[in-house]
Amino acid sequence: AKVVTIDPMRDFNWNQNEVDMLCPHCIHARDTNFWKHSNVIHFYQKYPKDMLSIIDDNIKVWGSKCVMVIEDSNHLTETVLENLNAYAKYVTPGSYMIVQDMKMSRLLSESKISPQADVDTFLRTKMGRTFSVDRTYEYYHYTQHAKGFLRKTKDPNVDVVVIDDVSSNVID
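In this text the structure is predicted, and so the values were computed from the model without any measurement.

Colleague: I tried to follow the overall build of the protein on my own but got confused; where do I start?
Modeller: Along the protein, the regular secondary structure elements total six helices and six strands. The order of helices and strands in the protein, counted from the N terminus, is β-α-α-β-α-β-α-β-α-α-β-β. Within the protein, the fraction of its 172 residues that count as buried is 30%. Once local pairs closer than 6 in sequence are excluded, the contacts in the protein between residues at least 24 apart make up 68%. When the accessible surface of the protein is summed, it comes to about 11,800 Å², and 55% of that surface belongs to carbon and sulfur atoms.

Colleague: Would you mind going over the sheet that holds strand β4 (residues 96–99) with me for this structure?
Modeller: Backbone hydrogen bonds hold the strands of a sheet together, and the pairing may be parallel or antiparallel. Read across the open sheet, the four strands follow the order β3-β4-β6-β5; overall the sheet is mixed. For this open sheet the edge positions go to β3 (69–71) and β5 (131–133), each flanked by a neighbour on one side alone. If you compare each strand with its neighbour and ignore which way they point, the axes differ by 20 degrees on average. The pairing of β4 with strand β6 (residues 149–152) spans three bridges and is classified as antiparallel.

Colleague: Explanation requested: the pairing of β4 in the structure shown.
Modeller: On a regular strand, each side chain points to the face opposite its neighbour's, so the side chains alternate between the two faces of the sheet. Side chains Y96 and I98 project from β4 onto one buried face, and the interleaved M97 and V99 project onto a second face that is buried too. Looking at chain direction, β3 and β4 are connected through three bridges and run parallel. When the sheet's bridge partners are listed, V69 is paired in β4 with M97. As for the winding sense of the linkage, the β-α-β connection from β3 through helix α4 (residues 77–87) to β4 is right-handed.

Colleague: Mind showing me how you'd approach the nonpolar core here?
Modeller: As a rule of thumb, soluble globular proteins bury nonpolar side chains together. With 19 residues, the main nonpolar core has L84, Y87, M97, V99, F122, F131 and L150 as its most contacted residues. Elements supplying a minimum of two residues to this core: α3 (48–62), α4, β4 and α6 (115–123). Take this core: its biggest share by element is four residues, from α4. Discounting residues that sit within four places of it in the chain, F122 has contacts with L81, L84, N85, A88, M97, M127, G128, F131 and L150.

Colleague: Would you mind showing me how to read the packing of aromatic side chains here?
Modeller: The description of two aromatic rings rests on the distance between their centres and on the angle between their planes. Tallied over the entire structure, the rule returns three aromatic pairs. With a centroid separation of 5.8 Å and an interplanar angle of 80 degrees, the aromatic rings of Y96 and Y137 are classed as edge-to-face. Of this pair, Y96 sits in strand β4 while Y137 sits in the loop between β5 and β6, placing them 41 residues apart in sequence. Taking the relative accessible area as the measure of exposure, Y137 reaches 39% and is therefore partly exposed. An aromatic cluster is built from Y96, Y137 and F149, whose rings are joined through pairwise contacts.

Colleague: Before we go on, may I ask you to explain α3 in this structure?
Modeller: An ideal rise of 1.5 Å per residue puts 21 Å on 15 residues; α3 measures up with 20 Å between its terminal C-alpha atoms. Three or more residues of α3 are buried, namely P48, M51, I55 and N58. Those residues of α3 that are buried are in contact with β1 (3–6), β2 (41–44) and α4.

Cut-off values and rules
- Residues numbered from 1 in each chain as written.
- Predicted model: local features only at pLDDT ≥ 70, side-chain atom pairs only at ≥ 80, totals over all residues.
- Heavy atoms only, no water.
- Helix = DSSP H or I, 4+ residues; strand = E, 2+ residues; numbered from the N terminus.
- Buried < 20%, exposed > 50% of the residue type's maximum accessible area, 1.4 Å probe, protein only.
- Contact = heavy atoms within 4.5 Å.
- Areas by Shrake-Rupley, 256 points an atom, 1.4 Å probe, with all protein chains shown as cover.
- Pairing = 2+ DSSP bridges.
- Axes fitted to C-alpha atoms, helices over the stretch in contact; angles between N-to-C directions.
- Right-handed = clockwise from strand over helix to strand, strands pointing away.
- Core = buried A, V, L, I, M, F, W, Y, C linked by side-chain atoms within 4.5 Å.
- Phe/Tyr/Trp six-rings, centres within 6.5 Å; stacked < 30°, edge-to-face > 60°.
- Expected span 1.5 Å × (residues − 1).

Below you can see the structure in the form of structure tokens.
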């Protein structure tokens, strides 16, 4: 397995002072030996438009057969939608694109932060119609990512043939 993590704002200090006060002995994941030396995690400090050719090359070099994308950006409407549109093509059929922190849409209903609006918009696009919302992993009816598990159901380059004659599905 390979992990590609992309964060154009990596050096932005969201709440590091509070984290350091609560956990002075904790270290960042990116500072661990596994992160630095395993050849599993590949970090890029770039924006989506600058990443596509890098991802294309990595998928070819690594021979990736199954690709999952986790979108956990700054949650701003324009950012989330840009990421969904940019990275959806890499998700392999049967795998997922998970949009993190969908709860922000409920908590900040009158702001520019609405991952749910972005998912709704994305699902109406040609590429988006190849995904379906999978609520299977929303255990106990609570998750930070409600309606954010998007399962790719088909290849967008393949036309769907609808068979409405039930008898044609019978195997002799």
